[in-house]
Amino acid sequence: MIIVGITACSKKQEDFPSTNNPPAAADNTPIYRQTEKFGTVSNQTMVPVFEIPSQYTKYTRQEVSEASKDEYQKFPESTFEGYVNTWIQQAASVEKPDWIVLAGILNPQLATETNEFKKQEAAEKIKNQVASDKSKLNVVYGWQGEMLFIAGPDVSNGEYYLTIRPNASYQVVSYVNSKNYRYNLFYRPDFKALGMLGDNRGDMQLTVKVPIEKAKEIESLREGQKTMIRVYGSVEGLTDERRPQIGKDSSEASLRVEVKALEFGIRMNGQFKTFFFLDSDQLKKSKT
């Protein structure tokens, strides 16, 4: 049985866009500017590219995370098994793996084990069972849900105004295997290394400028479709703010991904159609 799940962070969200208590800029350049039609927007204009740069093409792709709900039923079970196995291998390849957690995911009976020595023995076995592969730590995955709001384009200059809400609800891959064990194993983006801290609610605003003709092309694709983000980044370990929940019938855990780049687009006919791509140099321009 294969299903898609929704998880929501505990922080209460308000209607967006949000500009409350913006962070201070390092210089005197205003963080925001006022527009007549779109209200307050980021004053830092980003210039994207429209193809994936070569340094990102070898990232490990977790394609099932990009799929629509309708597509889920078309994927073979091996696709979901591959997703889970890749997630587990990434968790085992970070600098300091949590072998107890991985042992619990791979051996559900440990959920009821009270003997800490037996848990430790199981963890030692997992070290030999799961092969570490640091080349798999660079990952690209689909980030879908309620975290993205797009205004625009401004037809006079081709600017789009984006609000990203990392604390909003989002979809996760939820897979139930033939033994009726449920895996909720997913990723959480971390923007701190880019200096993107957000406002008092964690919301971030981006201004992205594209050529007018490109904006026309994007709008023809966006019509009736929901824009998705593909996150490119480095897996750093289990998240601190959301500890794993390991039980005899299910496991839920998330890996922290240090964001390197963001790609915006839609999923169409089983393929990802790129609108624009922002690498780390562009994202670092953001003061929000």
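Bear in mind the structure is a predicted one, so any value in this text is a computation, not a measurement.

Notes on empty space enclosed by the protein
Considering all chains together, one arrives at one cavity of 30 Å³ or more under this definition. As for the largest cavity, its lining consists of 14 residues, and the residues nearest its centre are Ser65, Gly142, Gln171, Val172 and Val173. When residues of the lining of the largest cavity are traced back to their parent elements, those giving at least two are strand S6 (138–143), strand S9 (170–176) and strand S10 (182–190). No other element matches the four residues that S9 contributes to the lining of the largest cavity. Looking at the lining of the largest cavity residue by residue, the classes come out as ten nonpolar, four polar and no charged.

Section: helix H5 (residues 212–222)
All of the buried residues along H5 are Lys214, Ala215, Ile218 and Arg222. Viewed along the axis of H5, the buried residues span an arc of 100°, placing them on a single side of the element. Seen from the buried face of H5, the exposed residues on the opposite side, beyond 90 degrees, are Glu213 and Lys216. Packing partners of the buried residues in H5 comprise strand S7 (148–154), strand S8 (159–164) and strand S15 (271–278). Looking one or two places after H5, you find Gly224, whose phi comes out positive at around 75°.

Side note on the packing of aromatic side chains
Applying the stated criterion across every chain, the model contains 17 aromatic pairs. Each ring, one from Tyr232 and one from Phe277, has its centre 5.2 Å from the other, and the planes form 65°; the classification is edge-to-face. Here the residue Tyr232 occupies a position in strand S12 (residues 228–238), and Phe277 occupies one in strand S15, the gap between them amounting to 45 residues. Overall, the relative accessible area of 2% leaves Tyr232 in the buried class. Taken together, the ring pairs in this structure connect Tyr72, Phe75, Phe80, Tyr175, Tyr181 and Tyr183 into an aromatic cluster. The ring of Phe272 has Arg230 sitting right over it, with the charged end atom 4.1 Å from the ring centre.

Rules and cut-offs
Residues numbered from 1 in each chain as written. Predicted model: local features only at pLDDT ≥ 70, side-chain atom pairs only at ≥ 80, totals over all residues. Heavy atoms only, no water. 1 Å grid on protein atoms, 1.4 Å probe; cavity = no way out; pocket = protein on both sides within 12 Å on 5 of 7 lines; lining within 4 Å. Points joined across faces, edges and corners; volume = space filled by probe spheres on them. Helix = DSSP H or I, 4+ residues; strand = E, 2+ residues; numbered from the N terminus. Nonpolar A, V, L, I, M, F, W, Y, C, P; charged D, E, K, R; others polar. Buried < 20%, exposed > 50% of the residue type's maximum accessible area, 1.4 Å probe, protein only. Arc of directions from axis to C-beta. Contact = heavy atoms within 4.5 Å. Phe/Tyr/Trp six-rings, centres within 6.5 Å; stacked < 30°, edge-to-face > 60°. Lys NZ or Arg CZ within 6 Å of the ring centre and 35° of its normal.

Purely spatial values, then, with no claim about function.
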